[in-house]
Amino acid sequence: MGRSFDTIRFRAEACDACGQCVIACARAKTGTDDTSRARLQILGGGTEGAELALCRQCTDPQCAAVCPSASLAKDPDSGVVTWEAETCVDCLLCTVGCAYGGIASDPVAGHVAKCDLCDGAPECVAACDRGALEHVTASRLYNTQHEREDLFAPGLSACHGCNSELLIRHTMRHIGRETVVAAPPGCIPGMGVVGYNGQTGCKVPVFHPLLTNTAAMLAGLKTQYARAGRDVTMVALAGDGGTVDVGFQSLSGAAARNDPMLFICVDNEGYMNTGMQASGSTSYGSWTSTTPVGEHMQGKSGDAKSLPMLMMMHNGAYVATASTAFLEDYHEKLEKAYATAQHGFAYLHVYAPCPTGWRFPAALTTEVCRRQVETNFVTLWEYTRDGGLRFTRPVEGRRPIGDYVEMIGKYRHLDQTHLDVIQHQVDERVAFLRRFAAPAGG
Amino acid sequence: MPDTDYLIVGSSHAALEAVTAIRMHDHSGSVTLVTRDRHPPYSPTILPYVVSGRAKPERVPLRDSGWFAAQGATFVREDALVGLDPDAFTARLESGAMWRYGKLLLATGARPVVPDIAGLETVPRHVLRTLDDAVALREAIGAARRAVVLGAGLVGMHAAENLVTAGLDVTIVERGAHPLPLYFGATAAAMIGQAFAARGARLLCGRTVASAQGGGDGAVALALDDGETLATDLLVVAAGVVPETGYLAGTDIGLGAAGGILVDAHMRTTRPGIWAAGDVTEGPAFGGGVAVSGILPSAVDQGRIAGMDMAGDRVPPYDGAIPLNTYAAFGRHAVSVGDALAEGDDLDVHEDGDPETGRYRRLVLRDGRLVGATVIGEAIDGGILRQLILRRTDLTPVKDAFLAAPRDTARVLMSRLWR
């Protein structure tokens with residue numbers, strides 16, 4: 001099957017046309033400061049904003065299709081559209097094929113020149129301190145993931161647009177077979193992970209504990225496997241109900257005892273598979289079937305309980321929050337959590353906006369996840385006993401909370417007063433977390 | 001009788017793109033390419049560079065045998081298509097082999113025109129359409145002192161440049177008023193002509209050859225219409241090309257006024273089960289009408305569309321061919337996109353040039369939208385101009401900036417369009 005490849009992302013809104021990337025490119029590729037010879041060009045930069053001319057490393061490159069000397073080709077390993085000096089006849093047909101200004105004549109060199117991603121370490125990106133150029137390497141993650149075994153059956157019946165299937169497949173591909181999975185009542189077993197009619201949807205041992213005893217059962221199983229001399233990882237795939245509310249007592253005990261396990265809470269802010277009742281994790285102002293909108297109530301009147309903070313306060317060996325809009329960040333945390341779970345308690349809190357229960361279009365889930373982070377509604381951080389709390393993806397210039405709330409139907413009834421309350425909660429929560437964050441370099 | 005689901009005749013850009021497009025959609029159908037050429041696939045566009053020595057014949061193949069294996073396609077060389085029976089879905093080859101096909105793509109390209117000149121058929125002469133032609137011409141240069149090129153089109157001018165560079169005494173005879181009449185206007189052509197004259201080439205425009213006569217040792221004497229006689233050791237005939245359609249004799253497949261196979265916006269010919277693409281076609285032109293496009297980028301587009309349509313893939317109809325040409329003489333590049341020569345009261349034409357520096361620009365707009373451009377001696381992204389033409393992008397808000405700095409302004413527009 002096809003592979004994914006690295007790419008350079010351009011965020012025009014962050015670019016002030018300072019030109020450092022162009023200079024870096026000219027130096028790297030021509031050994032001079034002649035920016036006209038650089039392989040990327042920044043244009044404009046006035047009130048209308050900056051624009052970019054750069055090779056897109058197309059999957060189906062037109063420059064190569066119209067090349068009469070077969071000097072351009074998509075490299076199957078790196079994904080770079082490569083150019084061969086020896087066979088190029090300098091006919092410039094490639095420049096007529098490309099719609100992006102991504103290949104152009106270098107008049108000094110006397111031939112065309114184009115971006116080659118600097119062998120995987122683009123100098124332009126390194127030179128950009130505005131955050132306008134980003135070397136997106138998520139492709140490496142996907143390529144690795146696809147080489148690994150999917151430990152769930154095809155055809156899990158999650159709702160359209162739900163990110164928890166993506167999450168659990170990524171997670172178990174990474175963790176592998178030497179695992180026992182506990183899936184307490186919630187959406188994850190509901191979508192078929194524990195199976196139907198005596199057949200399991202999971203290719204490793206999976207069981208369906210009570211909402212109340214997930215962590216306790218995993219602790220017991222770990223002990224039993226250890227006695228038998230087997231090194232097996234205990235994983236909980238639980239919803240917020242089974243974590244924040246009903247499952248909290250046994251979870252708190254396991255965290256306090258530092259029982260070895262990886263407990264993953266997939267937080268969709270409520271009991272979504274049983275009719276969208278509110279949970280302790282439901283956010284302020286949310287419509288649910290138990291926090292309705294009417295004459296007397298305007299959705300949930302209290303704030304959500306923050307389980308990740310509670311787990312940090314238990315001095316859990318590894319505690320982190322994650323978002324499926326930032327899968328590289330998630331995988332880094334998963335790796336640490338998995339390593340920790342071999343000997344101690346690891347807790348991952350992953351946010352799962354629910355298109356069905358929150359009422360937003362199924363196609364927008366990842367965008368909703370991203371907006372959660374961009375507004376600081378969700379903060380991405382990790383906690384270790386040695387390192388304390390560390391923000392893994394700090395947000396500069398957070399967007400107003402209204403940018404997030406407006407995407408979601410369960411907040412539709414909110415007015416500015418409510419928004420001000422949520423904004424205050426968000427800012428207060430970030431300020432609170434900052435007090436736990438280790439000072440830079442400390 | 002050999003049998004194939006897809007039979008593709010030809011082995012250059014259109015044919016190869018079609019194979020790729022078919023395989024994107026149909027992984028299992030049998031695909032067979034048949035070509036009269038004895039070489040692996042190559043581009044006719046590379047041939048002048050083979051003549052000059054810049055491209056080595058062994059390095060010109062566009063695909064190797066590994067590619068055909070990976071595509072699961074059979075490649076039959078040195079066998080030309082000589083006849084078709086569209087009712088029986090069979091194709092007859094020169095070797096006598098009969099192929100039964102499910103779907104047929106005709107991508108047979110074009111062949112050089114031999115002008116109607118008395119005696120021309122009998123004298124030694126060169127053309128430039130195949131790799132063997134190019135190698136033969138390259139070898140002949142060494143033994144020649146004088147050369148005459150008939151026709152100042154892209155092929156003729158490129159060949160002439162090679163001959164001049166090789167040190168030959170070169171005369172170019174063109175019946176039009178100036179060289180490259182299909183691509184450049186008088187001003188731009190004059191600049192190109194000067195570059196040749198400065199290197200000692202003779203450019204005779206508005207002239208034709210009345211007759212040709214062979215001399216000894218391969219020499220040829222040409223009598224021009226004005227009575228002048230040109231003696232030469234080497235004669236290159238580059239009087240244009242015509243679609244290669246001889247195999248259609250006896251069929252009712254529709255041909256256009258210029259002799260190309262008529263195709264619609266999906267590259268279908270007038271007969272079910274038969275498609276055509278590339279230089280052999282006469283099909284939709286961008287902006288309306290029908291034309292023989294005859295350029296490499298059109299062959300790529302048309303081959304892709306034909307392949308998709310043959311395989312049953314969903315394909316948006318062809319935008320129509322748009323002229324796209326690059327030309328370089330003695331290191332100076334010229335790019336011409338769209339209707340660059342257009343004249344008319346409804347057009348907004350901006351032309352400026354400086355013969356001293358060799359810079360020249362002709363930008364043609366209609367209703368604030370770009371319809372064509374010629375740019376010589378300065379950097380331009382022809383591909384972006386092509387997009388602005390195809391998308392009919394309104395340039396009115398940026399017209400002054402565009403006329404002052406077409407490349408940067410076009411890049412900004414395109415960057416916004418794709419973001």
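The structure this text deals with has already been given above.
As a starting point, this report considers the structure included with it. Everything numeric here is computed off the predicted structure, so don't read it as measured data. (Residues numbered from 1 in each chain as written. Chains lettered and ligands numbered in written order. Predicted model: local features only at pLDDT ≥ 70, side-chain atom pairs only at ≥ 80, totals over all residues. Heavy atoms only, no water.)

### Here we look at the sheet that holds strand β14 (residues 234–237) of chain B
Residue and element names in this part refer to chain B. Read from one edge to the other, the open sheet built from four strands follows the order β10-β9-β8-β14, with strand pairing classed as parallel. Whereas interior strands pair on both sides, the edge strands pair on one side only; in this sheet they are β10 (202–205) and β14. Sheet twist, expressed as the average angle between the axes of neighbouring strands with direction ignored, equals 15°. Note: strand β8 (residues 146–150) against strand β9 (residues 169–174), five bridges, orientation parallel. Note that in β9 the partner of L150 across the bridge is V173. Here helix α5 (residues 154–165) sits on the sheet and contacts β8, β9 and β14; the angle it forms with β9, its principal contact strand, is near 165°. (Pairing = 2+ DSSP bridges. Helix = DSSP H or I, 4+ residues; strand = E, 2+ residues; numbered from the N terminus. Axes fitted to C-alpha atoms, helices over the stretch in contact; angles between N-to-C directions. Contact = heavy atoms within 4.5 Å.)

### Side note on the pairing of strand β24 (residues 369–376) of chain B
Residue and element names in this part refer to chain B. Most of β24 sits out of view: seven of its eight residues are buried. Alignment of strand β21 (residues 332–338) against β24, held across five bridges, turns out to be antiparallel. Of the residues in β24, the one forming a bridge with V335 is V375. The pairing of strand β23 (residues 359–366) with β24 spans seven bridges and is classified as antiparallel. Across the sheet, L363 pairs through a bridge with A373, a residue of β24. With antiparallel pairing between neighbouring strands as the criterion, β23 and β24 make up a hairpin whose turn holds two residues, including D367 at a positive phi of roughly 50°. (Buried < 20%, exposed > 50% of the residue type's maximum accessible area, 1.4 Å probe, protein only.)

### Here we look at the environment of Q213(B)
Residue and element names in this part refer to chain B. Here Q213 shows up in strand β11 (residues 209–214). Placed 92 residues apart in sequence, Q213 and E121 show a C-alpha to C-alpha distance of 9.7 Å. Residues in contact with Q213, not counting those within four places in the same chain, are V123, A219, V220 and A221.

### A word on helix α8 (residues 382–390) of chain B
Each α-helix turn comprises 3.6 residues. Residues three or four places apart therefore point the same way. All names here are of chain B. Counting buried residues along α8, nine of its nine residues qualify, which places the element largely inside the surrounding structure. Among the residues of α8, those classed as buried are G382, G383, I384, L385, R386, Q387, L388, I389 and L390. Once α8 finishes, R392 follows within two positions and takes phi at roughly 50°, a positive value.

### Focus: a nonpolar patch on the surface
Residues and elements named next belong to chain A. Taken together, M313, F432 and F436 make up a surface patch of nonpolar side chains, about 260 Å² in accessible area. Mapped onto the elements, F436 comes out in the segment after α16 (416–434). According to the relative accessible area criterion, F436 is partly exposed, its value standing at 33%. (Patch = residues over 30% accessible without salt bridge, like charges linked within 9 Å, V, L, I, M, F, W, Y side chains within 5 Å. Areas by Shrake-Rupley, 256 points an atom, 1.4 Å probe, with all protein chains shown as cover. Salt bridge = Lys/Arg side-chain N within 4 Å of Asp/Glu carboxyl O.)

### Some words on the packing of aromatic side chains
When we look at a pair of aromatic rings, we describe it by the centre distance and by the angle of the planes. Across all of its chains, the model carries eleven aromatic pairs over all chains by this definition. Between W67(B) and F68(B) the ring centres are 5.1 Å apart and the planes differ by 80°, which places this aromatic pair in the edge-to-face class. Assigned by exposure class, W67(B) and F68(B) land together as buried. Joined through ring pairs, the aromatic side chains of F377(A), Y404(A) and Y411(A) make up one cluster. Over the ring of F248(A) we find K305(A), and its NZ or CZ is 5.5 Å from the ring centre. (Phe/Tyr/Trp six-rings, centres within 6.5 Å; stacked < 30°, edge-to-face > 60°. Lys NZ or Arg CZ within 6 Å of the ring centre and 35° of its normal.)

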